[in-house]
Amino acid sequence: MKNIWLAKLTKLALLPWHVLQLATHTKSFQANPVIGNSTLNKLGLHLWRRVLADKMARYRRSKLDAFMTDSERESYATYGYFIRRQALPEADFNGLLQEIEQLRELGWEMRQGRAVTRRISLDDDVLATHPYCRQVVKDKDINRLIEYAASYQGSPTFELQSIIVDPQQNETDPQTVFHADTFHATSKAWLFLHDINDDEGPFAYVPRSHILTPERLAWEKEQSIMASQCSEQMHREGSFRISEEEMQGMGLMPPVRFAVKANTLIIADTSGFHARCPSLKPSHRVEIYASLRRNPFIPWCGGHLYALPYIGGRHTMLDIKIKQLTQSAKGTWKAFDKVGAYDAENV
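Draft legend 1. Geometry of the overall build of the protein. Helix and strand counts for the protein stand at twelve helices and eleven strands. Here the C-alpha radius of gyration of the protein, 20 Å, is about what a compact globule of 347 residues would show, namely 20 Å. With the principal axes as the frame, the protein shows a C-alpha extent of 65 × 50 × 45 Å. Within the protein, buried positions represent 51% of all 347 residues. Residue pairs at least 24 apart in sequence account for 83% of intrachain contacts in the protein once pairs closer than 6 positions are excluded.

So this is what it looks like as structure tokens:
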């Protein structure tokens with residue numbers, strides 16, 4: 001009985017904090033009892049956040065239009081992503097490949113079913129001795145496209161990423177189920193360093209799924225009501241999973257599978273539906289990966305915390321420390337000193 005009362009008092013004490021999180025990018029229906037409250041979501045709480053975030057994103061993006069070409073604006077509006085083949089000059093790309101083959105830095109690994117994700121720091125201390133990596137990370141044109149997809153300027157986090165898949169593992173990789181990362185505009189980018197064949201788990205994206213249609217809103221409301229009780233953990237955490245039948249019911253286009261050549265850059269608004277396709281054979285994909293996610297309710301484009309002195313250029317370490325604080329009980333990410341992108345998995 002004492003423990004029950006203690007739990008109730010703790011929940012009550014945390015209520016102001018959980019309410020304040022409504023004005024942030026907090027998305028977990030499981031961790032936040034206000035966000036996950038089915039009664040409030042029947043009344044439209046999640047839809048209110050979803051619609052307001054969308055309006056703010058369109059407002060901020062209008063301020064960034066001047067930095068974009070007509071074809072770039074049209075590509076995002078039509079599809080929700082950008083794609084650039086032969087993204088880097090050939091000489092620079094070859095130099096980048098040679099540099100990455102030798103690069104060994106602090107890395108972090110996470111296993112999700114059949115797949116191991118490894119990320120290696122591309123913070124400024126690493127870039128100081130790896131000029132080709134620095135050229136990509138500091139490329140103003142690449143950063144400009146990432147910012148537009150995210151709907152605000154900022155300082156994206158860049159990492160060297162490896163996806164190592166063993167299809168013989170029994171557990172399912174949750175990233176192979178189509179999903180939206182969160183309830184608001186956010187961007188991710190991948191510069192693929194090798195050819196990606198269609199049977200090696202290519203990235204897939206549903207064109208126009210970044211657009212908030214009446215059908216999408218109805219689906220979002222339905223999901224929000226039951227999300228906190230869903231059997232799928234990532235769905236409970238606010239990264240809604242969706243079946244291809246449900247996408248067809250919304251009138252969405254079929255997914256595009258990006259089986260692409262080396263030196264292809266893809267930048268996507270991952271509030272749209274996307275997935276990593278299942279790899280049908282053992283595969284080891286290496287790419288430069290970037291992401292940018294900020295508070296969806298701010299009206300301004302700049303002023304990013306990660307761009308401040310002594311913080312900018314230290315993204316990987318900051319991100320991992322946050323992960324360690326928020327996910328320490330799960331033990332999701334594990335650190336390994338001096339690993340390379342092409343090493344075998346450690347977890």
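Draft legend 2. A look at the side chain of Thr 186. Its place among the elements puts Thr 186 in the loop between β4 (157–165) and β5 (187–192). Setting aside residues no more than four positions away along its own chain, Thr 186 makes contact with Ala 149, Ala 150, Asp 181, Ala 268, Asp 269, Thr 270, Ser 271, Leu 292 and Arg 293.

Draft legend 3. Spotlight on the sheet that holds strand β1 (residues 81–84). In spatial order, the strands read β1-β8-β5-β10-β4-β3-β2-β11; together these eight strands make up an open sheet with antiparallel pairing. Looking at strand neighbours, the two that pair on one side only are β1 and β11 (334–339), the edges of this open sheet. Across this sheet, the average inter-strand angle for adjacent strands is 25 degrees, counted without regard to direction. Bridge count between β5 and strand β10 (residues 283–292): six bridges; the pairing is antiparallel. Bridging across to β10, Trp 190 finds its partner in Tyr 289. The strands touched by helix α8 (residues 140–150) are β1, β4, β5, β8 (264–269) and β10; relative to β8, the strand with the most contacts, the crossing angle is about 25 degrees.

Draft legend 4. Layout of the sheet that holds strand β6 (residues 203–205). As summarised here, the arrangement of the three strands in space is β7-β6-β9, forming an open sheet in which the pairing is antiparallel. For this open sheet the edge positions go to β7 (256–258) and β9 (274–276), each flanked by a neighbour on one side alone. Taken pair by pair, the neighbouring strands of this sheet meet at an average axis angle of 20 degrees, ignoring direction. Looking at chain direction, β6 and β9 are connected through three bridges and run antiparallel. In the sheet register, Tyr 205 faces β9, and the bridge partner there is His 274.

Draft legend 5. Expanded view of the nonpolar core. Counting 40 residues, the largest nonpolar core has Leu 96, Leu 122, Leu 160, Leu 193 and Ile 288 as the members making the most contacts within it. Only α5 (90–102), α6 (124–127), α7 (131–137), α8, β4, β5, β8 and β10 provide two or more residues apiece to this core. If one sorts the elements of this core by residue count, α8 sits on top with six residues.

Draft legend 6. Structural detail: the environment of Val 137. Its location among the elements puts Val 137 in helix α7. Assessed through its relative accessible area of 9%, Val 137 is described here as buried. Linking Val 137 and Leu 122, residues 15 residues apart in sequence, is a C-alpha distance of 8.0 Å. Ignoring any residue separated from it by four or fewer positions in sequence, one finds Val 137 in contact with Leu 122, Leu 127, Asn 143 and Phe 158.

Draft legend 7. A look at the side chain of His 304. Among the secondary structure elements, His 304 is positioned in the loop between β10 and α12 (315–327). Within polar-contact distance, the side chain of His 304 engages the backbone nitrogen of Ser 155 at 2.9 Å. Residue contacts for His 304: discarding those within four places in its chain leaves Gln 153, Gly 154, Ser 155, Leu 292 and Arg 294.

Draft legend 8. Up close: the packing of aromatic side chains. In this structure the tally under the stated criterion is 14 aromatic pairs. Judged by centre distance (5.3 Å) and plane angle (35 degrees), the ring pair of Phe 29 and Phe 240 falls under tilted. Of this pair, Phe 29 sits in the loop between α1 (2–20) and α2 (38–42) while Phe 240 sits in the loop between α10 (233–236) and α11 (244–249); the two residues are 211 residues apart in sequence, bridging distant segments of the chain. For the residue pair Phe 29 and Phe 240, the accessibility class agrees, reading buried in each case. Ring geometry for Trp 219 versus Phe 240: centroids 5.9 Å apart, planes at 80 degrees, classification edge-to-face.

Draft legend 9. Structural view of the pairing of β8. Counting buried residues in β8 gives six out of six residues, a clear majority hidden from the surface. Every second residue of β8 is oriented toward a common face, with Thr 264, Ile 266 and Ala 268 on one face and Leu 265, Ile 267 and Asp 269 on the other, all of them buried. Sheet topology places β1 next to β8; four bridges connect them, and they run antiparallel. Paired with Arg 84 across the bridge in β8 is Leu 265. Bridge count for β5 against β8 is six bridges, and the pairing is antiparallel. Each bridged residue has a counterpart across the sheet, and for Lys 188 the counterpart in β8 is Ala 268.

Definitions and cut-offs
- Residues numbered from 1 in each chain as written.
- Predicted model: local features only at pLDDT ≥ 70, side-chain atom pairs only at ≥ 80, totals over all residues.
- Heavy atoms only, no water.
- Helix = DSSP H or I, 4+ residues; strand = E, 2+ residues; numbered from the N terminus.
- Rg over C-alpha atoms; globule rule 2.2 N^0.38 Å.
- Buried < 20%, exposed > 50% of the residue type's maximum accessible area, 1.4 Å probe, protein only.
- Contact = heavy atoms within 4.5 Å.
- Pairing = 2+ DSSP bridges.
- Axes fitted to C-alpha atoms, helices over the stretch in contact; angles between N-to-C directions.
- Core = buried A, V, L, I, M, F, W, Y, C linked by side-chain atoms within 4.5 Å.
- Polar contact = N/O pair within 3.5 Å; in protein donor to acceptor, adjacent residues only side chain to side chain.
- Phe/Tyr/Trp six-rings, centres within 6.5 Å; stacked < 30°, edge-to-face > 60°.

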